[in-house]
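Examination of the molecular architecture
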Amino acid sequence: MKARIVILPGDGVGPEVTAVAVAVLEAVAAHYGHEFTFDRQLVGGAAIDAAGEPLPAATLAACQAADAVLLGAVGGPKWSDPNAKVRPEQGLLALRAALGVYANLRPLSVHPALAALSPLKDEKLRDVDVLFVRELTGGAYFGAKTRGADYATDECRYTEAEVERVVRRAFELARGRRRHVTSVDKANVLETSRLWRRTVMRVAADYPDVALEHQLVDSMAMLLLTRPASYDVVVTENLFGDILTDEAAAIAGSLGLLPSASLGEGRAGLYEPIHGSAPDIAGQGVANPIGTVLSAALLLRHSLQLDVEAQAVEAAVGHVLQHGPRSRDLGGHAGTAEVRDAVLAALAGHIAHADAFPRGVRACG
Ligand code: IPM
Ligand code: MG
């Protein structure tokens, strides 16, 4: 198939990790006979430096015309003056809003070979397989902001329709998994959360085959650490989802591992690792590219409907996590290029094996 993919390297380690994901996508295209074109565009601080704004019109136009967008990370100390008029993060938020990608999927699983890196004990990590569905284009991130001499406000606003579409997506996804949805809110305090909960209960009536549970966000922050394996799909609003998924990343062993897919109504989507720009290690060739490579796998699956290819990339990453080499955040010494080469080699090995033993013919796994 043919696909146009926009690459937004962004800031910090963004260019290094997206370069690895592109190499992986190129290998996938070569092996499976697809034609992917990569269109690199500016976003975030890099775009502020070059064009004076974090989301130039050319970038947005390219993203809107693309089949999928793969982003590295935005932000860094250079642009974080609290009095700055423009910030890199505004580019990312504007892009999410403009693309209408309201559902942010952030899967959490713990690779057995990495269990020792998790702050949780082994027995808590068994069978952890959570899909966070974070509302991505509403709430306090996008509400009116005011600033006076000695006060500030961020309006948190949700419409019923905004809640319903993301909650419906969560229930649909649960049907392809273990049929359990946990909705996270703060309905004992916040009006937006009471609207959220009422909407969840109404939508849930259409999914009698899916079990529903409500949790308050403070309690959920604790439960995620005490019994992470009891969750399947977790759906929540924008800010709660931002916070809980960083916590989830720590459970997996490193923030560098987790991918995300941001989806709207169509097939096009925005894919990015959940980590930030990591300015402390940027440009050193030591960033862990795996969160971005796994985001590319999600891109193959959700925007291009290439599930076999997505699984091949995930299997290659699984192989590297099992056998190494490992980047520094995973307790190893490997640089980004070494991890890239290992993923590419594992991918080639996986494909060669799949060709030699096609499905059904494969006798012993
Ligand atoms: C994330 C990031 C972003 C967010 C920042 C960079 C604006 O933390 O994708 O989780 O808060 O959404
Ligand atoms: Mg975040």
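No experiment lies behind these values; they were computed from the predicted model shown. (Residues numbered from 1 in each chain as written. Chains lettered and ligands numbered in written order. Predicted model: local features only at pLDDT ≥ 70, side-chain atom pairs only at ≥ 80, totals over all residues. Heavy atoms only, no water.)

**Quick look at the sheet that holds strand S4 (residues 103-109)**
If you trace the ten strands from one edge of the open sheet to the other, you get S2-S1-S3-S12-S11-S4-S5-S10-S8-S9, paired in mixed fashion. Among the strands making up the open sheet, the edge pair consists of strand S2 (35-40) and strand S9 (211-216). Each adjacent strand pair in this sheet contributes to an overall mean axis angle of 25°, direction not counted. Strand direction decides the pairing type here: S4 and strand S11 (residues 261-263), joined by three bridges, are antiparallel. Across the sheet, Leu105 pairs through a bridge with Ala261, a residue of S11. The sheet contacts of helix H4 (residues 88-99) involve strand S1 (2-10), strand S3 (68-73), S4, strand S5 (129-135) and strand S12 (269-271), and relative to S12 the element is tilted by about 150°. Along the sheet, helix H6 (residues 160-175) contacts S4, S5, strand S8 (180-185), S9, strand S10 (233-236) and S11; its crossing angle with S5, the most-contacted strand, is approximately 165°. (Pairing = 2+ DSSP bridges. Helix = DSSP H or I, 4+ residues; strand = E, 2+ residues; numbered from the N terminus. Axes fitted to C-alpha atoms, helices over the stretch in contact; angles between N-to-C directions. Contact = heavy atoms within 4.5 Å.)

**What to know about the site of ligand 1**
Taken together, Glu89, Arg96, Arg106, Arg134, Tyr141 and Asp242 make up all the residues around ligand 1. In this structure, Arg106 approaches ligand 1 through a side-chain N or O atom, which is 2.9 Å from an oxygen atom. The side chain of Arg134 places a nitrogen or oxygen atom 2.8 Å from an oxygen atom of ligand 1. When the free accessible area of ligand 1 is taken as 320 Å², the share hidden by the protein chains comes to 79%. Of the residues in the shell around ligand 1, the class split is one nonpolar, no polar and five charged. (Near = heavy atom within 4 Å. Polar contact = N/O pair within 3.5 Å; in protein donor to acceptor, adjacent residues only side chain to side chain. Areas by Shrake-Rupley, 256 points an atom, 1.4 Å probe, with all protein chains shown as cover. Nonpolar A, V, L, I, M, F, W, Y, C, P; charged D, E, K, R; others polar.)

**A short note on the pairing of S8**
Most of S8 is tucked away, with five of its six residues classed as buried. The pairing of S8 with S9 spans six bridges and is parallel. Bridging across to S9, Ser183 finds its partner in His214. In this fold, S8 hands off to helix H7 (residues 191-204), which returns the chain to S9; that crossover is right-handed. Judged from the four bridges that link them, S8 and S10 form a sheet pairing that is parallel. By the bridge assignment for S10, Thr182 is matched with Val234. (Buried < 20%, exposed > 50% of the residue type's maximum accessible area, 1.4 Å probe, protein only. Right-handed = clockwise from strand over helix to strand, strands pointing away.)

**Thoughts on the packing of aromatic side chains**
In total, this model carries two aromatic pairs according to the counting rule given. Ring centres 5.0 Å apart and planes at 20° place the aromatic pair Phe171 and Tyr207 in the stacked group. Within this pair, whereas Phe171 is found in helix H6, its partner Tyr207 is found in the loop between H7 and S9, the two being separated by 36 residues in sequence. Considered together, Phe171 and Tyr207 belong to a single accessibility category, that of buried residues. (Phe/Tyr/Trp six-rings, centres within 6.5 Å; stacked < 30°, edge-to-face > 60°.)

**Section: the environment of Ala204**
Inspection of the secondary structure assignment puts Ala204 in helix H7. By relative accessible area, which is 15% here, Ala204 ends up buried. Residues Ala204 and Arg168 lie 36 residues apart in sequence; the distance between their C-alpha atoms is 8.2 Å. Those residues in contact with Ala204, other than ones at most four positions away along the chain, are Phe171 and Leu212.

**A short note on the domain arrangement of the protein**
Here the domain parsing of the protein yields domain 1 (1-102 + 261-365) and domain 2 (119-252). With ten residues of domain 1 at the contact, the number on the domain 2 side is twelve residues. Here domain 1 meets domain 2 over a buried area of about 990 Å², counting both sides, of which 64% is carbon and sulfur. For domain 1, the biggest contributors to the area lost against domain 2 are Leu93, Tyr102 and Ile274; these three give 62% of the whole. Where domain 1 touches domain 2, the interface holds zero salt bridges. Here domain 1 is connected to domain 2 by two residue pairs in polar contact (both at pLDDT 80 or more). Those elements giving two or more residues to the side of domain 1 that touches domain 2 turn out to be H4 and S11. Among the elements that make up the side of domain 1 that touches domain 2, the one with the highest residue count is H4 (three residues). Grouping the amino acids of the side of domain 1 that touches domain 2 by side-chain chemistry returns six nonpolar, two polar and two charged. (Domains from an automatic or database assignment. Buried area = accessible area lost by both parts, 1.4 Å probe. Salt bridge = Lys/Arg side-chain N within 4 Å of Asp/Glu carboxyl O.)

**Considering the packing of H6 against H7**
In a pair of packed helices, the angle between the axes and the distance between the axes together describe the arrangement. In contact at an axis separation of 9 Å, H6 and H7 are set at 50° when each is read in the N-to-C sense. The angle between H6 and H7 falls in the class oblique. Judged by the sense of rotation from one axis to the other, the crossing of H6 with H7 is right-handed. In this structure, H6 contributes Glu160, Val163, Glu164, Val166, Val167, Arg168 and Phe171 to the contact, and H7 contributes Leu195, Trp196, Arg198, Thr199, Val200, Arg202, Val203 and Ala204. Residue composition of the contact of H6 with H7, grouped by class: nine nonpolar, one polar and five charged. (Parallel < 35°, antiparallel > 145°, perpendicular 65-115°, else oblique. Left-handed = near helix turned anticlockwise from the far one by under 90°.)

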